[in-house]
Amino acid sequence: MSRMVCIILFFIDNEMEKLSVMYTIYENASEKIKKWAGDLWIELQIDTLKKGVNDFLKQCSKLPDVLQKTSVFKKLEKEIVDFSESLPLLQSLKNENLR
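Residues numbered from 1 in each chain as written. Predicted model: local features only at pLDDT ≥ 70, side-chain atom pairs only at ≥ 80, totals over all residues. Heavy atoms only, no water.

1. Some words on a nonpolar patch on the surface
Let me state the cut-off plainly: Surface patches are drawn from residues lacking salt bridges whose relative accessible area is over 30%; two like charges belong together within 9 Å, two nonpolar side chains (Val, Leu, Ile, Met, Phe, Trp, Tyr) within 5 Å. Here the accessible surface of atoms and residues is derived via Shrake-Rupley with a 1.4 Å probe, and residues count as covered only by protein chains that are part of the display. One speaks of a salt bridge when a side-chain nitrogen belonging to Lys or Arg is within 4 Å of a carboxyl oxygen belonging to Asp or Glu. Each helix corresponds to a stretch of at least 4 residues labelled H or I by DSSP, and each strand to a stretch of at least 2 residues labelled E; elements are numbered beginning at the N terminus. Here's how the labels work: a residue is buried when its accessible area is under 20% of the maximum for its type, exposed when over 50%, partly exposed in between, all with a 1.4 Å probe on protein chains only.
A grouping of Met4, Val5, Ile7, Ile8, Leu9, Phe11, Ile12 and Met16 is seen on the molecular surface, where their side chains present a nonpolar patch of about 760 Å² in accessible area. As for its position among the elements, Val5 is in helix H1 (residues 3-38). On the basis of relative accessibility, which here comes to 35%, the residue Val5 falls in the partly exposed class.

2. Comments concerning helix H2 (residues 46-61)
Selection criterion: For a helix, the expected span equals 1.5 Å multiplied by the number of residues minus one. Contacts: residue pairs with any heavy atoms within 4.5 Å of one another.
Counted at 1.5 Å a residue, the expected span for H2 with its 16 residues is 22 Å, and the 22 Å between its end C-alpha atoms agrees. On its buried face, H2 sits against H1, helix H3 (65-68) and helix H4 (71-93).

3. Regarding the environment of Ala29
Within the fold, Ala29 resides in helix H1. Looking at Ala29, the relative accessible area reads 1%, which means it is buried. As for Ala29 and Glu77, which are separated by 48 residues in sequence, their C-alpha atoms are 9.6 Å apart. Setting aside anything within four residues of it in sequence, one finds Ala29 in contact with Phe56, Leu76 and Ile80.

Pasting the structure below:
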């Protein structure tokens, strides 16, 4: 194998590794948000949801800038942020005065 082919393969492998990390975060976040969305709001633990959302956002912020500019990243971030914006409503619904 030529030196140039080895360099190209190394570059591709490196890029695939980065994409794999992002897709793993995407898959985990999507799965978790779907699970949370399917739970009864009365049974939700808001602090657990907040921690989960913050953990996913922290993982996203650690991704390289080049990945943060991709459409997949933007969709992932939007899904997480949209869910996090629903948390105050869920917390209000859990309030004893509203039952």
